[in-house]
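Structural overview for review
Read off the chains here:
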Amino acid sequence: MPVPLYPDFFNDVFGPVMQPGSAGGFAGPARIGNAARALAGGDIKRVRFLFDKKTRPLPFLVNFMSDRGYLGGIQGFLPDDERLFDAHALARRQGMAYEFGCREEDDGTSGETLVLIEDSRGGTYTMNAASVGGGMILVSGINGFSLEWRADTHLAFLEDPQGRLLPQNMENLAQALFSSPDSSLVRFSAVGFSGGSAAGFSNGSARGRRAYAFEFSSGTPEDSFMAGIGDLGGLRLYRLPALLPVVSRRDKGPQLFTTMEEWRRIAGERGISFVDAAIAYEKNSSRWTEKQIWDFFENIAGILYNQIHSLEEIGYEEAKDTDLLPIYGRYWNRYAEKNRIISDGLTGHIIRHALSTNAKIPGVKIVPAPMGTGGGYLFSALDAVREQYGISHERMVESLVVAAGLGALAFTHTNASGEVGCVGESGVCCAMASGAIAWLCGGDGQAVENAASMALQANIGIPCDPIAGGLEFPCITRTIRAAVTAPLYADLALSGINPLIPYHEMLGVIEKTHKTATGDCLSGPHCGCNMTAAAEACNARLEAASIAGLHFVPA
């Protein structure tokens, strides 16, 4: 029976734990780089990263720090590793040749990255992979073979260059592994050859080549795995580790609920709290214990707390600007010290936290939810309310669990990313924060849904139009608005106002709008604020600055 696929709290919503940056543009590339490194056994002499120039122009790489993500990943740096920021210098230091470029031809892999590797012995490897949002990746090709691997399992990829293994025998082996009580095999597939050599790296003759993908929930020693196949010369086994915190298991249960109504019903039928029903959802998915799940939420809360207080700890005047991101919190602190804040005290409190979130200081880890720094913006509102009204830490962590459930439902019903417009990012974060604050302040499951629905209603129709080189505009205006308005929708819900539309139906509106929208009106470099002359000037400056810095191939 296939393992069910549905959103998980720690893979899809509050993940990954990472260095500051875009989850899709920084953490995803770092994971792709790590997967490609494992394919080559860690022996990297030369690497090329080739992109579809229509969807990934070179300035995009600099704006989202993707160049450092890919290059750091190929050196073995995971998304939370501060060395990612020095990836170029470290690669040069070890004599690794690398290049970033674009594929001129339309090869049917729009949005994918083609990674080409040469090791010190002259061996070559290829990988096709895409960052699909929120730090998640999809590997669609290895050495010319097509497959689908999401890095949520440990992959044993067996290549049979001479075609000596019969597919039915490999199927029998997979069945034997499935039937073993000690087996951790999750999925098996026989994959076919998809094409010839790529971009100058020859993979040899395609005649007779076969490959097989075995996915495990735990690592499998090479010797024990190959013992089940027999002594056949010429086989090539590649072992790629899982890169997500929650590894898929064969006993993963079905999705416990897909709407808020079902969530409340499950809690009532089992005689448990609304929060405990969310914990049961995650237990069904990850098969972690309750203690493991609560501990992970505590870890997330600690990371987010450090993030929103980072400028206070470092010092507003001591924190260093970067070329692409001034420390806006410094401006706010100077303004606040003059007692000129027009907004109310809670709003000012949230803004202070949110601008620490925005600072994206290297070494200060973040947790996306679902956008690059969305977890920090969500927590800015949540913890400001907790601090303002003396609410317990335990209730705040419960509210993070509620936010995770709202996020999982968002990913269930739509693509919670900028592809559906800014509502897929700051809008969903606002809904998660609004529902979480409603719970924090004593609301029930119905109040949580009402707050989240109202937040989404207020965010429908806004394009996702980050300006390349635009110093975080217009993203900063929307993410801070999402944070400071979250208590508003919680208040409206707690007052008893019924927003009419259930949360999942509002998520359906996002998806339907995405599917029926024409052109680039919802997302991309040709909509919204990107249609201004100022945005064009920012793009031009970034492109001029980026080309020289992205290409480096030692002699």
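What this report covers is the structure whose coordinates are included nearby.

1. Section: the side chain of Ser285
- Mapped onto the elements of the fold, Ser285 is located in helix α9 (residues 274-286).
- Among the residues examined, Ser285 registers a relative accessible area of 5% and is labelled buried.

2. What to know about the layout of surface pockets
- In this structure, the second largest pocket occupies an estimated 650 Å³ of space.
- Lining the second largest pocket are 28 residues; nearest its centre among them are Asp12, Val132, Met136, Arg150 and Phe411.
- Counting residues per element, the ones that place at least two in the lining of the second largest pocket are α1 (9-13), β4 (124-133), β5 (136-142) and α15 (393-413).
- Sorting elements by how many residues they give to the lining of the second largest pocket places β5 first, with 3 residues.
- Of the residues that constitute the lining of the second largest pocket, the class distribution is 13 nonpolar, 9 polar and 6 charged.

3. Structural notes on the sheet that holds β4
- The strand order across the open sheet built from 6 strands is β2-β1-β3-β4-β5-β6, with neighbouring strands paired in mixed fashion. Strands at the two margins of the open sheet, each flanked by one partner only, are β2 (97-103) and β6 (145-149). Along the sheet, successive strands turn relative to each other by an average axial angle of 25 degrees, direction set aside.
- Pairing geometry for β5 and β6, over 3 bridges, is antiparallel. Each bridged residue has a counterpart across the sheet, and for Gly141 the counterpart in β6 is Ser146.
- On the sheet, helix α4 (residues 66-74) packs against β1 (46-52), β2 and β3 (113-118) and is oriented at approximately 145 degrees with respect to β1.

4. Quick word on the pairing of strand β9 (residues 210-216)
- Among the 7 residues in β9, 6 count as buried, and that is most of the element.
- As defined by bridge partners, strand β7 (residues 154-160) adjoins β9 across 7 bridges and the pair is classed as antiparallel. When the sheet's bridge partners are listed, Leu158 is paired in β9 with Tyr212.
- Both strand β8 (residues 185-191) and β9 contribute to a ladder of 6 bridges, which runs antiparallel. Each bridged residue has a counterpart across the sheet, and for Leu185 the counterpart in β9 is Phe216.

Basis of the calculations
- Along each chain, the written sequence defines residue order, and numbers are assigned to residues from 1.
- Local features in this predicted model are restricted to residues of pLDDT 70 or higher, and side-chain atom pairs are both shown and tallied only at a pLDDT of 80 or more, whereas totals for entire chains, interfaces and linings draw on every residue.
- In computing side-chain properties, one takes all heavy atoms of the structure into account and sets aside hydrogens as well as water.
- Secondary structure elements follow DSSP: runs of H or I no shorter than four residues count as helices, runs of E no shorter than two count as strands, and numbering proceeds from the N terminus.
- Residue burial is assigned from relative accessible area. The probe radius is 1.4 Å, only protein chains are included, and a residue is buried under 20% of its type maximum, exposed over 50%, and partly exposed in between.
- In this analysis, the protein atoms alone were mapped onto a 1 Å grid. Cavities are point sets where a 1.4 Å probe fits without being able to get out; pockets are open sets with protein on both sides within 12 Å along at least five of seven lines; lining residues have an atom within 4 Å of a point.
- Grid points are joined across faces, edges and corners, and a volume is the space filled by probe spheres set on the points.
- Classes in brief: Ala, Val, Leu, Ile, Met, Phe, Trp, Tyr, Cys and Pro nonpolar; Asp, Glu, Lys and Arg charged; the others, Gly included, polar.
- DSSP calls a pair of strands paired once it identifies at least 2 bridges connecting them.
- Axis definition: a line fitted to C-alpha atoms, limited for helices to the stretch in contact. Angles are taken between N-to-C directions and run from 0 to 180 degrees.
- Pairs of residues are marked as contacts when any of their non-hydrogen atoms sit within 4.5 Å.

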